[in-house]
Amino acid sequence: RTLDQSSVLTRLLSPDLTRDQYILALSSLYQAINQVELALEQYEKTSLAVDSFRYQHRADFLATDLTSLGIELSPTNLRVTPTITTAADYLGVCYVLEGASLGSAHIARYIEPQHPEFSRLAFRYWDFQKKHVANWPFFLSKLASLDSEASLQNKAIASATTIFEIFIEQMQENSNAKSHY
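Keep in mind that this is a model prediction, so the values were computed, not measured. (Residues numbered from 1 in each chain as written. Predicted model: local features only at pLDDT ≥ 70, side-chain atom pairs only at ≥ 80, totals over all residues. Heavy atoms only, no water.)

> Which residues make up the environment of Asp 127, and what are the values?
One can find Asp 127 in helix α6 (residues 124–132). Sequence spacing of Asp 127 and Ser 104 is 23 residues, and the spatial spacing of their C-alpha atoms is 9.3 Å. (Helix = DSSP H or I, 4+ residues; strand = E, 2+ residues; numbered from the N terminus.)

> Break down the environment of Thr 161 for me, with residues and values.
Examined against the element boundaries, Thr 161 turns out to sit in helix α8 (residues 150–175). Assessed through its relative accessible area of 36%, Thr 161 is described here as partly exposed. With 68 residues separating them along the chain, Thr 161 and Val 93 place their C-alpha atoms 8.4 Å apart. (Buried < 20%, exposed > 50% of the residue type's maximum accessible area, 1.4 Å probe, protein only.)

> Got a sec to walk through the nonpolar core? Specific residues and values, please.
Counting 51 residues, the largest nonpolar core has Leu 12, Tyr 22, Leu 29, Ile 33 and Trp 126 as the members making the most contacts within it. Here this core gets 13 residues from one element, more than from any other, and that element is helix α2 (residues 19–46). Non-local contacts of Leu 29, meaning those with residues more than four positions away in its chain, are made with Leu 9, Asn 34, Leu 62, Tyr 125, Trp 126, Phe 167 and Met 171. (Core = buried A, V, L, I, M, F, W, Y, C linked by side-chain atoms within 4.5 Å. Contact = heavy atoms within 4.5 Å.)

Structure, rendered in structure tokens:
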């Protein structure tokens, strides 16, 4: 619950959300998601989809939203990057990213009517998440395929934990940052 209580993300649900806070939230998400998706892409280049599941990348939506807001993107370098070598690793990483669509859909439903200035200009990421939330049950069915082997479950849990740590670190770093947009 630490991640969803990050001040960077909770500000998105404020009626007083500022442009700088919105940009900080999108930038924080972009920095973490982009780096994690690069690791996913490496795995996807060498492996088949996991039991007909393939993650749908979303960092580009964030990049487009930030560019629409006049933000120049800089390379992201996280202190910890995920290592994805097995299907269990892949599903563990995707668990965090796919699960984020649930919270993101909630945030999107709030921001859209409350802050039309953002929903008109820079809302591609949130639109994707609102629509993508319907895929959560399908993903869970693929994750359930790991139930038969404890070692695979443990690998998936370890990968998910690493991704949660990456996101928490990124949000904590940025929650202390002074906005400069």
